[in-house]
Amino acid sequence: CFSYAASCEARELRLVASAGLQQDDRARFAVLRFGELVCGKVAERREAIVLDEPALLAFDGAWLLRARGMRACASVPMLSGNELVGTVAFATGALP
């Protein structure tokens, strides 16, 4: 789970909460530009992205999720009226 707060003026997202993300990844992806990875693309488009396994394999912005063994992902924009407040994403890997 990843939750980002948006700064529309700077066109960037700042990681405010995460679960299941390794410490080095939290630091590496603490700030995303609009258009980067899945959450950045959601912020840029202001529409949800839902990726099952075949779509995740083909989606350019999902390389980090694939590298971490994720098999599906859903990310949605958080909006207040027309204002982008942030994004939230959930991803899942193989079950044990």
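Preceding block: the structure.
Residues numbered from 1 in each chain as written. Predicted model: local features only at pLDDT ≥ 70, side-chain atom pairs only at ≥ 80, totals over all residues. Heavy atoms only, no water.

For Glu 12, the position within the fold is in strand 2 (residues 12-18). Only 3.0 Å separates the side chain of Glu 12 from the side chain of Arg 14, close enough to count as a polar contact. Setting aside chain neighbours within four positions, we find Glu 12 in contact with Ala 5, Ala 6, Ser 7, Val 31, Leu 32, Arg 33 and Phe 34. (Helix = DSSP H or I, 4+ residues; strand = E, 2+ residues; numbered from the N terminus. Polar contact = N/O pair within 3.5 Å; in protein donor to acceptor, adjacent residues only side chain to side chain. Contact = heavy atoms within 4.5 Å.)

Here we take up the pattern of salt bridges. Any two side chains of opposite charge can pair if their charged atoms end up close together. One pass over the structure, following the stated rule, counts five salt bridges. Arg 11 serves as the salt-bridge partner of Glu 44, at 3.7 Å between the closest nitrogen and oxygen. Here the residue Glu 44 occupies a position in helix 2 (residues 37-45), and Arg 11 occupies one in the loop between strand 1 (2-7) and strand 2, the gap between them amounting to 33 residues. Ionic pairing is found between Arg 14 and Glu 12, a salt bridge with its closest N-O pair at 3.0 Å. Through salt bridges with shared partners, one network takes in Glu 12, Arg 14 and Arg 33. (Salt bridge = Lys/Arg side-chain N within 4 Å of Asp/Glu carboxyl O.)

Glancing now at the state of the cysteines. Applying the stated criterion across every chain, the model contains zero disulfides. Of all cysteine sulfurs in the structure, the one in Cys 73 sits closest to Cys 39, which takes part in no disulfide; the separation is 6.8 Å. Residue classification places Cys 39 among the buried residues on the basis of a relative accessible area of 6%. Taking the relative accessible area as the measure of exposure, Cys 73 reaches 5% and is therefore buried. (Disulfide = S-S within 2.5 Å. Buried < 20%, exposed > 50% of the residue type's maximum accessible area, 1.4 Å probe, protein only.)

Formed by 23 residues in total, the largest nonpolar core has its most connected members in Phe 2, Tyr 4, Leu 13, Leu 32, Val 38 and Leu 51. Those elements that place two or more of their residues in this core are strand 1, strand 2, helix 2, strand 4 (49-51), helix 4 (63-67) and strand 6 (83-93). Top contributing element to this core by residue count: helix 2, with five residues. Once you skip the residues sitting within four places of it in the chain, Phe 2 turns out to touch Leu 15, Ala 17, Ser 18, Leu 21, Leu 65, Thr 87, Val 88 and Ala 89. (Core = buried A, V, L, I, M, F, W, Y, C linked by side-chain atoms within 4.5 Å.)

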